[in-house]
Amino acid sequence: MAYGVTNLVIALSVGAGAATVSNDFLANLKSANYDQAFNDLNPALTLQPGKDVFKQKALADDHCYGQVTDYHEVDNSAVSSSDGNQQSFAFTITRSKLKQSYQLQLTLVKDGGGDWSIISYGTDLGPAPPTCK
């Protein structure tokens, strides 16, 4: 019994840290605070696009699809690696110019210090790379 409770507590604490970072990231996208959202990304991910490119892409998504107005974790979407160092979540995202919501998958990793960061958000923050002008 104690083993099961201990594993449940560990699983909840693993999910809680990753969920907190995921929610912080999405809340910052919703409030158009792209610099803060960028801070939730893993350093390996931030080296590629850089903060300015990340912000330009986020602004392009907002221009084409509208501002993020709401987001919710998809029920039972949380998946954790066997070692507890990676977690992924699916979120339903609503934007002001879209008639339908779409799903965004976030994958996070825990570093040696126990801090979580996003290592993947798919190919774009919108439903697809924006094509409007």
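Residues numbered from 1 in each chain as written. Predicted model: local features only at pLDDT ≥ 70, side-chain atom pairs only at ≥ 80, totals over all residues. Heavy atoms only, no water.

Novice: Whenever I open this one, the overall build of the chain confuses me. Can you help?
Specialist: The helix and strand inventory of the chain stands at four helices and five strands. Element order for the chain, N to C, with α for helix and β for strand: α-α-α-α-β-β-β-β-β. For the chain, the share of sequence-separated contacts (at least 6 apart) that also reach a separation of at least 24 residues comes to 54%. As displayed, the chain has an accessible area near 7600 Å², and 54% of this comes from carbon and sulfur atoms. (Helix = DSSP H or I, 4+ residues; strand = E, 2+ residues; numbered from the N terminus. Contact = heavy atoms within 4.5 Å. Areas by Shrake-Rupley, 256 points an atom, 1.4 Å probe, with all protein chains shown as cover.)

Novice: Would you take a moment to explain helix α4 (residues 50-65) for this structure?
Specialist: In an α-helix, one turn spans 3.6 residues; hence positions three or four apart end up facing the same way. Between its terminal C-alpha atoms α4 stretches 22 Å, which fits the 22 Å expected from 16 residues at 1.5 Å a residue. Along α4, the residues classified as buried are G50, F54, A58, D61, D62, C64 and Y65. G66 sits one or two positions beyond α4 and adopts a positive phi of about 90 degrees. (Expected span 1.5 Å × (residues − 1). Buried < 20%, exposed > 50% of the residue type's maximum accessible area, 1.4 Å probe, protein only.)

Novice: Quick question: what am I supposed to make of the pattern of salt bridges here?
Specialist: Side chains that differ in sign of charge can pair as their charged atoms come close. In the structure shown here, the tally under the stated rule is one salt bridge. One salt bridge in this structure joins D62 and R95, with 2.8 Å as the shortest N-O distance. Placement of D62 in helix α4 and of R95 in strand β3 (residues 86-95) is noted, with a sequence separation of 33 residues between them. Each member of the pair, D62 as well as R95, carries the same accessibility label: buried. (Salt bridge = Lys/Arg side-chain N within 4 Å of Asp/Glu carboxyl O.)

Novice: When you look at the state of the cysteines in this model, what are you seeing that I'm missing?
Specialist: Every disulfide links exactly two cysteines, by a covalent bond between their sulfur atoms. According to the stated counting rule, one finds one disulfide in the structure shown. The disulfide partner of C64 is C132, and the S-S distance across this bridge is 1.7 Å. Taking the torsion about the S-S bond as the criterion, the C64 to C132 disulfide, at about -105 degrees, is left-handed. Here C132 lies in the segment after β5 (116-120) and C64 lies in helix α4, a separation of 68 residues in the sequence. (Disulfide = S-S within 2.5 Å.)

Novice: What's the story with the packing of aromatic side chains in this structure? I'm lost.
Specialist: Tallied over the entire structure, the rule returns six aromatic pairs. Consider the rings of F38 and F54, whose centres lie 5.7 Å apart with planes at 55 degrees: the pair is tilted. Residue F38 is found in helix α2 (residues 34-39), and its partner F54 is found in helix α4; the two are separated by 16 residues along the sequence. Among the residues examined, F54 registers a relative accessible area of 1% and is labelled buried. Measuring from centroid to centroid gives 6.1 Å for F54 and Y121, while their planes differ by 70 degrees, and the two rings are edge-to-face. Here Y121 lies in the segment after β5 and F54 lies in helix α4, a separation of 67 residues in the sequence. Taken individually, F54 and Y121 each receive the classification buried, so the pair is uniform in this respect. (Phe/Tyr/Trp six-rings, centres within 6.5 Å; stacked < 30°, edge-to-face > 60°.)

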